[in-house]
Amino acid sequence: EEIEVLYEVDSTNEFLKRNYKSFHDGAIVVAIKQTAGKGRMGRTWYSPEGGLWYSVLFKPKVHIGLHVYTKVFSIAIVEVLKKLKVKAYIKWPNDIYYNGKKLAGILSEAVSVNDRVVAIIVGIGINVNNDIPDDLKDIAISLKDILKKKVKITYLLDAINKHAWNLLISYRNETENITKLWKKYLVPREGDRIKIKVDEQIVEGTVLKITEDTLYVDMGGKVIGVQSIHQIVE
Ligand code: BTN
């Protein structure tokens, strides 16, 4: 497998967007630190030394939805952490949480040329041995704080990628099974009461059903479909 390690880069996702032509399907770009790490929805992703910040490039011959890649990696992260006795879960849609705090995130992006997807870039950020700044301590956590010791970054990288590849190969023709597995680790679950932010308003309801890309929430008679741009508050 092809792994490129960069000491410092703006963002491994951006790097692969610029350079995908020079890399093979499955190539991995890791950064020791990112100067302009990106999160979902235009947020910045704080990426100092000590964390695991990387992107995987796919050049698929057959089209698979972006959400499948994201789910595969979120499942792989949770299952690898389980082996380390860390009980992480997926907070809808694809954040990795531990005890109410964010441990990891995934940002998948597609590169299209003339409406054809030529590359898929899955960016993974995991707080491993990095310190969490004081102003983020209520909402984020790193693996070393959970385990009270440092974790070998190369072990994690390798274990997650192997597992993600296996999942992709076994399930690429039956992506509904990926969704099933993802739902196993997902919070909220069907039946849970949740609060969500819709158009700057916080509303409450009960989750009726979860599909691969939508939460159907009963708001007391009226059912709304919540997508990943909406934020779950609780
Ligand atoms: C999120 O939870 O909002 C997604 C965070 C994704 C962060 C990773 S770090 C490696 C890759 N490069 C980036 O700029 N972002 C992703």
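No experiment lies behind these values; they were computed from the predicted model shown.

(A) Structural view of the domain arrangement of the protein chain. Here the domain parsing of the protein chain yields domain 1 (3-187) and domain 2 (193-232). One C-alpha centre belongs to domain 1, the other to domain 2, and the line joining them spans 25 Å. Contact with domain 1, which involves 11 residues of that partner, is made by 10 residues of domain 2. In terms of surface lost to domain 2, no three residues of domain 1 exceed Met41, Trp92 and Lys183, which account for 52% of the buried area on that side.

(B) Main features of the pattern of salt bridges. Counted by the stated rule, this structure contains 13 salt bridges. Lys137 is the salt-bridge partner of Asp134, the closest N and O atoms lying 3.0 Å from each other. According to the relative accessible area criterion, Lys137 is partly exposed, its value standing at 40%. One connected set of salt bridges, linked through shared partners, spans Glu14, Lys17, Lys38 and Glu109.

(C) Here's a closer look at unusual backbone geometry. Note that the residue after Trp92, namely Pro93, is joined by a cis bond; omega there is 0°. Within the secondary structure layout, Pro93 lies in the loop between strand 4 (89-91) and strand 5 (95-98). Cis rather than trans, the peptide bond between Val187 and Pro188 has omega equal to 5°. Relative to the assigned elements, Pro188 resides in the loop between strand 8 (186-187) and strand 9 (193-198). Here the phi dihedral of Met41 falls at roughly 55°; this positive angle occurs in a residue that is not glycine. Residue placement: Met41 occurs in the loop between strand 2 (28-34) and strand 3 (52-58). Even without being a glycine, Asn114 presents a positive backbone phi close to 50°. Tracing the sequence through the fold places Asn114 in the loop between strand 6 (101-113) and strand 7 (116-126). A relative accessible area of 74% places Asn114 in the exposed class.

(D) A look at the nonpolar core. Ranked by internal contacts, the top residues of the largest apolar core, which has 55 residues, are Tyr54, Phe73, Ile124, Leu143 and Ile160. When residues of this core are assigned to their parent elements, the largest contribution, 10 residues, is made by helix 2 (residues 66-83). When sequence neighbours within four positions are dropped, the list of residues in contact with Phe73 reads Tyr54, Val56, Phe58, Ile106, Val122, Ile124, Ile160, Asn161 and Ala164. By size, the runner-up hydrophobic cluster in this structure holds 14 residues, among which are Phe15, Tyr20, Val29 and Leu57.

(E) Structural context of the site of the ligand. Taken together, 19 residues are adjacent to the ligand, and Ser11, Gln34, Lys38, Arg40 and Lys102 come closest. Gln34 has a polar side-chain atom sitting 2.9 Å from a nitrogen atom of the ligand. One nitrogen or oxygen atom from the main chain of Arg40 is found 2.6 Å from an oxygen atom belonging to the ligand. Considering the ligand on its own, with 420 Å² of exposed area, one finds that the protein chains cover 99% of that surface. Because more than half of its atoms lie within 2 Å of the grid, the ligand is assigned to the largest pocket. Mapped onto the shell around the ligand, the elements with two or more residues apiece are helix 1 (12-19), strand 3, strand 6 and strand 7. Examining the composition of the shell around the ligand, we find that 4 residues originate from one element, strand 6, more than from any other. The residue makeup of the shell around the ligand, split by class, is 5 nonpolar, 10 polar and 4 charged.

What counts, and where the lines are drawn
Residues numbered from 1 in each chain as written. Predicted model: local features only at pLDDT ≥ 70, side-chain atom pairs only at ≥ 80, totals over all residues. Heavy atoms only, no water. Domains from an automatic or database assignment. Contact = heavy atoms within 4.5 Å. Buried area = accessible area lost by both parts, 1.4 Å probe. Salt bridge = Lys/Arg side-chain N within 4 Å of Asp/Glu carboxyl O. Buried < 20%, exposed > 50% of the residue type's maximum accessible area, 1.4 Å probe, protein only. Helix = DSSP H or I, 4+ residues; strand = E, 2+ residues; numbered from the N terminus. Core = buried A, V, L, I, M, F, W, Y, C linked by side-chain atoms within 4.5 Å. Near = heavy atom within 4 Å. Polar contact = N/O pair within 3.5 Å; in protein donor to acceptor, adjacent residues only side chain to side chain. Areas by Shrake-Rupley, 256 points an atom, 1.4 Å probe, with all protein chains shown as cover. 1 Å grid on protein atoms, 1.4 Å probe; cavity = no way out; pocket = protein on both sides within 12 Å on 5 of 7 lines; lining within 4 Å. Sits in = over half its atoms within 2 Å of the grid points. Nonpolar A, V, L, I, M, F, W, Y, C, P; charged D, E, K, R; others polar.

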